[in-house]
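Residue-level structural notes
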Amino acid sequence: MSSFKYSLLFILIAALCCSCEKKVPAPRTVKEAVDHAVYPYIATGANVGVIVGVVKDGDRQIFSYGEKEPGAPDPIEPTSVLEIASITKTFTAIALANMHLRGELNLDDPIEKYLPAEVKVPSFNGKKITLRHLANHTSGFPRLPSNIDDDAYNPYIGYTEQKMYEFVNGYTLDREPGSKLEYSNVGYGLLGQILSNRYKSGYEEMISHNVLRPLGLTHTTVSFTEEQMSNLVSGHHGNKPVESWSKYMANIFQGTGSLISSLNDMLTFLEANIGLVNNPLKEAISLTHQRTFTHNGDHQDGIGLGWTLVAYDQKNYIWKNGGNGGYTSFIGFDESSKTGVVILSNSSLNPDPFQTQMGFEILRAINGKL
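Scope of this entry: the structure provided in the associated data block. All figures in this text were calculated on a predicted structure; none of them were measured in a lab.

**Concerning the packing of helix α6 (residues 185-199) against helix α7 (residues 203-215)**
The axes of two packed helices give the description: the angle between them and the distance between them. At a closest axis distance of 9 Å, the pairing of α6 and α7 adopts a crossing angle of 80°. Viewed along their axes, α6 and α7 adopt a mutual orientation that is roughly perpendicular. Residue-level contacts link Gly-192, Leu-195, Ser-196 and Tyr-199 of α6 to Tyr-203, Glu-205, Met-206, His-209 and Asn-210 of α7. When grouped by side-chain class, the residues that make up the contact of α6 with α7 number four nonpolar, four polar and one charged.

Set out below in structure tokens:
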């Protein structure tokens, strides 16, 4: 059994042991709620460092645990830069919604309208894949293309636009688009490429124009600039430093998971999504929160554009998680109570569900009687 599997086994055993202990008192403060959710994952070695931001009653509270580097005393800071991985998809979806509202495209346009003529997009029974299908993971495309090396540590290195188009040309749908949810990095790679083509730029300039600059997110980028590098926290698998994934993503995959950001910027993004601040993207953001497909699964009962929807305790939560090599992330919120949480971690040892469980434990606690 690999060391990775041993680590997961240890974490699962620890979780089971904790479940057998005497029930701990309910948290009385936001700090207690976050401590209860995060400490088990730090104690078991599931994360090197974790930083959590909570928005409640109009205020931000920030809590940092663990370390930037194993054995170093410095914690992750609110200005530290980490990869947010698949949370990037929510930014791509907002850009799509913004361009739709400006009349530059339509959510129900077939994607072949915006791709080169040599790309033959598959259809099923005459039903075509639309931009909406890409944005809500119902296109029928798989998670990853078959011509990518998904056994490689970083499967995105060297994967080009041409390779993606070759995959699309040879792919056959087995169902109608819009009929079933299947999480697809292929879909969001194509969506980011289409929006970039429409804007006549690369993904970074397109997303900056449509989302980052309007929201004042000055430390959220695709580029690893000199300033970003000075604040960048290295990613880890367990205690081992690992190379970045997003740094090597070509434009064809940038829409799916390329953004790097700080907790401060992500809290600004959170506040925009829960309506705490006036911003020019209010209508576009709201459009991404609207249910476009119903699907029952783990922590979900529907999906908007980029965002997952779920109801708990008479609250309607909207959320997204992410995981690149070396990093995991979570953002979730309830618009009605204007509460939310962001979690950024510099470790990918724990699978996405662990980070999501942590996020929901905090969300449900801060929406209780605290």
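Alright, that's what it looks like, and here's the rest.
**Digging into the nonpolar core**
Counting residues in each nonpolar core, the largest one holds 73 residues, and the members touching the most others are Phe-91, Ile-111, Phe-141, Met-164, Leu-190, Ile-207 and Phe-269. Counting residues per element, this core draws most heavily on helix α3 (residues 88-101), which supplies seven residues. Apart from residues lying up to four places away in sequence, Ile-111 is in contact with Val-121, Ile-129, Thr-130, Leu-131, Leu-134, Phe-141 and Ile-194. Ala-37, Phe-63, Met-358 and Leu-363 belong to the second-largest nonpolar core, a separate cluster that totals 23 residues.

**What about the pattern of salt bridges?**
Evaluation of the coordinates by the stated rule reveals 14 salt bridges. Between Asp-174 and Arg-175 there is a salt bridge, and its shortest N-O distance comes to 3.0 Å. Lys-315 serves as the salt-bridge partner of Asp-334, at 3.9 Å between the closest nitrogen and oxygen. Residue Asp-334 is found in strand β13 (residues 327-334), and its partner Lys-315 is found in strand β12 (residues 315-324); the two are separated by 19 residues along the sequence. Judged by relative accessible area, Asp-334 falls into the buried class, the value being 2%. Through salt bridges with shared partners, one network takes in Asp-174, Arg-175 and Glu-182.

**Side note on the side chain of Asn-279**
For Asn-279, the location among the structural elements is in the loop between α10 (263-273) and α11 (282-289). From its side chain, Asn-279 meets the backbone oxygen of Val-277 in a polar contact 3.3 Å long. Of note is the side chain of Asn-279, whose polar atom sits 3.1 Å from the backbone nitrogen of Lys-282. Setting aside chain neighbours within four positions, we find Asn-279 in contact with Leu-215, Ala-272 and Ile-285.

**Details of the environment of Asn-321**
Residue placement: Asn-321 occurs in strand β12. Spatially, the C-alpha atom of Asn-321 lies 9.6 Å from that of Thr-88, the residues being 233 residues apart in sequence. Within polar-contact distance, the side chain of Asn-321 engages the side chain of Thr-356 at 2.7 Å.

**A word on the packing of helix α5 (residues 161-170) against α6**
The geometry of α5 relative to α6 is characterised by a closest axis approach of 12 Å and an angle of 120° between their N-to-C directions. Relative to α6, α5 is oriented oblique. You can see that α5 and α6 cross each other, and the crossing is left-handed. Residues Glu-161, Met-164, Tyr-165, Phe-167 and Val-168 of α5 form the contact with α6, whose participating residues are Val-186, Leu-190, Gln-193 and Asn-197. Looking at the contact of α5 with α6, its residues break down into six nonpolar, two polar and one charged.

**Brief notes about the sheet that holds β12**
Here we have eight strands laid out as an open sheet, ordered β2-β1-β14-β13-β12-β11-β10-β9, and antiparallel in their pairing. Of all the strands in the sheet, just β2 (59-66) and β9 (293-297) have a single pairing partner and so form its edges. Averaged over all pairs of adjacent strands, the angle between their axes in this sheet comes to 20°, without regard to strand direction. Taken together, the three bridges between β9 and strand β10 (residues 300-303) define a ladder with antiparallel strand orientation. Bridge assignment links Phe-293 to a residue of β10, and that residue is Ile-303. Those strands touched by α10 are β1 (49-56), β2, β13 and β14 (339-345), and its axis lies near 30° from that of β1.

**Some words on the packing of aromatic side chains**
Per the counting criterion, the structure on display carries 16 aromatic pairs. Look at Phe-141 and Phe-167: their rings are 6.4 Å apart centre to centre, the planes differ by 50°, and that puts the pair in the tilted class. One end of the pair, Phe-141, is in the loop between α4 (131-135) and α5; the other, Phe-167, is in helix α5, and 26 residues separate them in sequence. Judged by its relative accessible area of 0%, Phe-141 falls in the buried class. Judged by its relative accessible area of 5%, Phe-167 falls in the buried class. With 5.2 Å between their ring centres and 80° between their planes, Trp-307 and Phe-333 make a pair best called edge-to-face. Pair noted here: Trp-307 is in the loop between β10 and β11 (308-312) and Phe-333 is in strand β13, with a separation of 26 residues, a long-range link. Under the relative-accessibility criterion, Phe-333 is labelled buried at 0%. Members of the aromatic cluster, each reached through a chain of ring pairs, are Tyr-153, Tyr-156, Tyr-159, Trp-245 and Phe-253. For Lys-247, the ring lying beneath its charged end belongs to Phe-224, and the centroid distance is 5.6 Å.

Calculation notes
- Residues numbered from 1 in each chain as written.
- Predicted model: local features only at pLDDT ≥ 70, side-chain atom pairs only at ≥ 80, totals over all residues.
- Heavy atoms only, no water.
- Axes fitted to C-alpha atoms, helices over the stretch in contact; angles between N-to-C directions.
- Helix = DSSP H or I, 4+ residues; strand = E, 2+ residues; numbered from the N terminus.
- Parallel < 35°, antiparallel > 145°, perpendicular 65-115°, else oblique.
- Contact = heavy atoms within 4.5 Å.
- Nonpolar A, V, L, I, M, F, W, Y, C, P; charged D, E, K, R; others polar.
- Core = buried A, V, L, I, M, F, W, Y, C linked by side-chain atoms within 4.5 Å.
- Buried < 20%, exposed > 50% of the residue type's maximum accessible area, 1.4 Å probe, protein only.
- Salt bridge = Lys/Arg side-chain N within 4 Å of Asp/Glu carboxyl O.
- Polar contact = N/O pair within 3.5 Å; in protein donor to acceptor, adjacent residues only side chain to side chain.
- Left-handed = near helix turned anticlockwise from the far one by under 90°.
- Pairing = 2+ DSSP bridges.
- Phe/Tyr/Trp six-rings, centres within 6.5 Å; stacked < 30°, edge-to-face > 60°.
- Lys NZ or Arg CZ within 6 Å of the ring centre and 35° of its normal.

Everything listed here is a matter of geometry and, on its own, says nothing about what the molecule does.
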